[in-house]
Amino acid sequence: MSYVINALTKSLNVFHLAGSPCNNCDIEILDALTPKYDLERFGIVLVGSVRHADVLLLSGAFNRKATIRAKTVYEQAPKPVVVIAIGNCAITGNIFRDSYNLDPPIGKHIPVDAYIPGCPPKPEAMISAVVKLIAKLKGTKA
Amino acid sequence: MRIPAQEQVLPVLREKLGGRLLDATVKSPVRIFLLVSAADIMEVSRVIFRDLEARLQTATATDAPDAFEILYHWAFDYIGCVVSVRVKLDKQKPEIDSIAPLCRGAEWIEREMWELMGIAFRGHPDLRHLLLMDDWPAGKFPLRRDFKGLNA
Amino acid sequence: MPKKTIIPIGPCHPLQEEPEFFKLHVDGEKVIGIDIELGYNHRGMEKISEGKTFEQTVFLVERICGICSTSHPIACVQAVENCGDIPVPPRALYIRSIIGEMERLHSHLLWLGLAGHFLGFNTLWMWVWRYREDLLNMFEYITGNRNHYSMMKPGGVRRDIKNEDVPALVKTIAGLRKPLDLFRAVVMEDPLLQARTKGVGCLTKQDVIDFCAVGPVARSSGLDIDVRRDHPHAAYGMVDFKVITTKNGDVFDKVVVRILEMFESISIIEQCCKALPSTPGPVDSNPKEVVPGEGIGHYEAPRGEVIHYIRSDGTNRPARHKVRAPSYVNVATNAKAVLGQYIADATIILGAVDPCYCCTERMAAIDAGTGAKLLDAKELLRLSRQKTEDLKRQMGVEGPKLDMGAFA
């Protein structure tokens, strides 16, 4: 990431895009917002429109149809935007990588900045990744 | 009418389907496989769905060595039995009457069998892509044995 | 000729976690038609399965859906066992039902929370999901993972539940009764929630029969079917439980059926846990082959019947593996349920089916091209919540109140 993101030091607007997911990652992402993990205390907010997003969170294996959608969404995101691939499906295609309906990984079609592996990654793993990401964006150590 | 007990399933079906029932395999009292002619599928389905009050669970299309097979799986929830009706279709020209006009539950699965296996359903109210992209190349059916990928 | 407006909901719907595309044809404030399009989730499961061994395919089907992540494996291994006439030890049968019912609990709690979220009751969402966490912790304790527990295998289960762990399991499950009672009272008796959900999105018994719908969608319209009772498998033939049906088929009934089912699930788990210590023995019959043939396995997932068909040609891979998830038949009922309803209710009606899109894989690619006004997903959520706010004012009520002290 060669751009400087000073504006992101307050709170991060995250737009979550699921493409051919099994939903486990998606539910764990929502779980991370519930009181036990409470991602909002780190200043993370899920937004309903990609046009307000600082971070694009991708989950799922992204089949051919979903990949087209994802590219459109990425284009609509105001730059700079940080793209995070969450879960093994988004990172490699996982067990679906040989499917006739996939052209994995989504990272081939959209530039990905960070990866959170797991099937699904636990909320603690997501929080850890977000903290590291914020520190990296701020140029400080996590 | 409802079939009174599991033991009665095959006798009742034999009686109601008569000559349309070509063959029957009883794997167990709760798993029965019937073979019928594709031409009779509408009448057979009507008997099972409307007369005998079964529920269409799903239909399976298979690329078998000698024919395309469709298995219609019907659940008789009231007596805990599953009856699967098999039809065999010509490999060169697989087609059959759609049972969607009779049973709305068949609409989507017939669309899926059409696009993934290439079976034509005559009289289907809305035969178009369900799962695959609309511009999926024609003639390439992913579930067929000879399908080797989009780039092949 | 009424003026038709087309409102697409989706595909990136922040309300629901999967992309789906419903195109509503609207005349004024009412819905007069709907196009449902799928396609974004199709990963080619059945073809991939033909390249996997019977054991590997269980891990594959687990990932069809993260929410009903044990339902597909249970149906799949039952299909394999049916095909190869493979026996399953009794201890494994009890464990299957325990894991299955715990999944039903977590799934219904998840849905209840999301339903609260759709309607604008975020406190309900947060509290329901907080109790779901206890359940997920218990999953991790006994299976090793919060989700995707990988407990099932042809011939039995992958891990035993140790007898000394059973008391902790029972304590957690039984401990859900008190918050469930509270949620039941709050949700079922709240006048605002009733105003939002009663008479909304009705499906008649004939509708669900025609669509061959399953699960709570069918039972809320009076169709008394449940795979656990009708086609006994796992431990369901060895325990007592009620099948919950209601008769109005509206969104309220769908809520009621799911809430009351949770109590039955707790009871089933308790009965299985009671039987477990006195059912010693292996949890796996270690099958070495699947003889050529065909088998069907079905199971009552939280959303309804999931069915797998397996054909074996004697090798260690399926010659054909067909999967049909419950939402495949249930989502189709939306074609009827939204007709004549208000747009502000569309999201809760579509959500009441508890769609597991990844199970069914849906998405839509519809070209609008009519120059019609488009409302996006955010707008629809706003409409839904606005209706709740308007009703609050009209009725002079606050909505479901959760007495936090009751949880002490």
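Quick caveat, the model's predicted, so the values are computed rather than measured.

### Some points on the interface of chain C and chain B
Here comes step 1: Taken residue by residue, the interface counts 26 residues in chain C and 24 residues in chain B.
Here comes step 2: Of all the elements, strand β7 (residues 304–312) of chain C adds the most residues to the side of chain C that touches chain B, at 4 residues.
Here comes step 3: Broken down by class, the residue content of the side of chain C that touches chain B amounts to 11 nonpolar, 5 polar and 10 charged.

### Observations regarding the interface of chain C and chain A
Here comes step 1: Contacts between chain C and chain A engage 33 residues on the former and 32 residues on the latter.
Here comes step 2: Residue assignment for the side of chain C that touches chain A shows that the elements contributing at least two residues are α1 (45–49) and α5 (122–143) of chain C.
Here comes step 3: For the side of chain C that touches chain A, the element with the highest residue contribution is α5 of chain C, accounting for 4 residues.
Here comes step 4: Classifying every residue of the side of chain C that touches chain A by side-chain character gives 16 nonpolar, 8 polar and 9 charged.

### Side note on unusual backbone geometry
Here comes step 1: Cis geometry is adopted by the peptide bond preceding P80 of chain A, which originates at K79 of chain A and carries an omega value of 5°.
Here comes step 2: Among the secondary structure elements, P80 of chain A is positioned in the loop between α2 (64–76) and β4 (82–86).
Here comes step 3: Following C119 of chain A, the chain continues into P120 of chain A via a peptide bond in cis, with omega recorded as -10°.
Here comes step 4: Notably, E53 of chain B is not glycine yet its phi reads approximately 60°, a positive angle.

### Examining the environment of C103 of chain B
Here comes step 1: Tracing the backbone shows C103 of chain B in the loop between β6 (95–97) and α3 (107–117).
Here comes step 2: Along the primary structure C103 of chain B and S45 of chain B are separated by 58 residues, whereas in three dimensions their C-alpha atoms are 8.7 Å apart.
Here comes step 3: Discounting chain neighbours no more than four positions away, the residues touching C103 of chain B are S45, F49 and L56 of chain B together with C212 of chain C.

### Quick word on the packing of helix α7 (residues 177–189) of chain C against helix α12 (residues 251–275) of chain C
All names here are of chain C.
Here comes step 1: Where α7 contacts α12, the two axes come as close as 11 Å, and the packing angle between them is 165°. By the angle between their directions, the pair α7 and α12 is classed as roughly antiparallel. For the pair α7 and α12, the sense of crossing is left-handed. From α7, R177, L180, F183, R184, V187 and M188 reach across to α12, where they touch V255, V256, I259, M262, F263 and I266.
Here comes step 2: In the contact of α7 with α12, the residues fall into 10 nonpolar, no polar and 2 charged.

### Considering the sheet that holds strand β4 (residues 68–76) of chain B
Paired through backbone hydrogen bonds, the strands of a sheet run either parallel or antiparallel to each other.
All names here are of chain B.
Here comes step 1: Spatially, the 5 strands line up as an open sheet ordered β1-β2-β5-β4-β3, and their pairing is mixed. A single partner strand is all that each edge strand has here, and the edge strands are β1 (21–28) and β3 (55–63). Across the sheet, the mean angle from the axis of one strand to that of its neighbour is 20°, orientation sign disregarded.
Here comes step 2: Two strands pair when backbone bridges link them, and strand β2 (residues 31–36) and strand β5 (residues 81–89) are joined in this way by 5 bridges, in the parallel orientation. Bridged to L34 within β5 is V85.
Here comes step 3: Along the sheet, helix α1 (residues 9–17) makes contact with β1, β2, β4 and β5, crossing β1 at roughly 170°.
Here comes step 4: The strands touched by α3 are β3 and β4; relative to β3, the strand with the most contacts, the crossing angle is about 10°.

### Some details on the sheet that holds strand β3 (residues 55–59) of chain A
Residues and elements named next belong to chain A.
Here comes step 1: Within the open sheet, the 5 strands sit side by side as β2-β1-β3-β4-β5. Their pairing is parallel. Since the sheet does not close on itself, it has two edges, and those belong to β2 (44–46) and β5 (114–116), each with one partner. Recorded for the sheet is a direction-independent mean angle of 30° between the axes of neighbouring strands.
Here comes step 2: Relative to β3, strand β1 (residues 12–18) is paired through 5 bridges, and the arrangement is parallel.

### What to know about the domain arrangement of chain C
Residue and element names in this part refer to chain C.
Here comes step 1: Splitting chain C by domain gives domain 1 (5–41 + 331–407) and domain 2 (45–329).
Here comes step 2: If you look at the interface, domain 1 gives 35 residues, while domain 2 gives 42 residues.
Here comes step 3: Every element with two or more residues in the side of domain 1 that touches domain 2 is listed here: α14 (334–337), α15 (343–352), α16 (357–360) and α17 (377–395).
Here comes step 4: In terms of residue class, the side of domain 1 that touches domain 2 is made up of 21 nonpolar, 8 polar and 6 charged.

### Comments concerning the environment of H73 of chain B
Here comes step 1: Residue placement: H73 of chain B occurs in strand β4.
Here comes step 2: Residue class for H73 of chain B comes out buried when judged on the 22 C-beta atoms lying within 10 Å of it.
Here comes step 3: In the structure, H73 of chain B is positioned 16 residues away from Q57 of chain B in sequence and 5.5 Å away in space, judged by C-alpha atoms.
Here comes step 4: Beyond its immediate sequence surroundings of up to four residues, H73 of chain B is in contact with Q57, T58, A59, V82 and S84 of chain B together with I296, I307 and Y309 of chain C.

### Digging into the nonpolar core
In a soluble, globular protein the nonpolar side chains are often hidden away together inside.
Here comes step 1: Formed by 210 residues in total, the largest nonpolar core has its most connected members in L56, L57, L58 and I86 of chain A together with V83 of chain B.
Here comes step 2: Counting residues per element, this core draws most heavily on helix α4 (residues 90–119) of chain C, which supplies 16 residues.
Here comes step 3: Each of domain 1 (5–41 + 331–407) and domain 2 (45–329) of chain C contributes no fewer than three residues to this core.
Here comes step 4: Here L56 of chain A is in contact with F15, L17, V50, Y74, A77, V81 and V83 of chain A, once residues within four sequence places are set aside.

What counts and what doesn't
- Residues numbered from 1 in each chain as written.
- Chains lettered and ligands numbered in written order.
- Predicted model: local features only at pLDDT ≥ 70, side-chain atom pairs only at ≥ 80, totals over all residues.
- Contact = placed C-beta atoms within 7 Å.
- Helix = DSSP H or I, 4+ residues; strand = E, 2+ residues; numbered from the N terminus.
- Nonpolar A, V, L, I, M, F, W, Y, C, P; charged D, E, K, R; others polar.
- Axes fitted to C-alpha atoms, helices over the stretch in contact; angles between N-to-C directions.
- Parallel < 35°, antiparallel > 145°, perpendicular 65-115°, else oblique.
- Left-handed = near helix turned anticlockwise from the far one by under 90°.
- Pairing = 2+ DSSP bridges.
- Domains from an automatic or database assignment.
- Buried ≥ 20, exposed ≤ 12 C-beta atoms within 10 Å, placed from the backbone.
- Core = buried A, V, L, I, M, F, W, Y, C linked by C-beta atoms within 7 Å.

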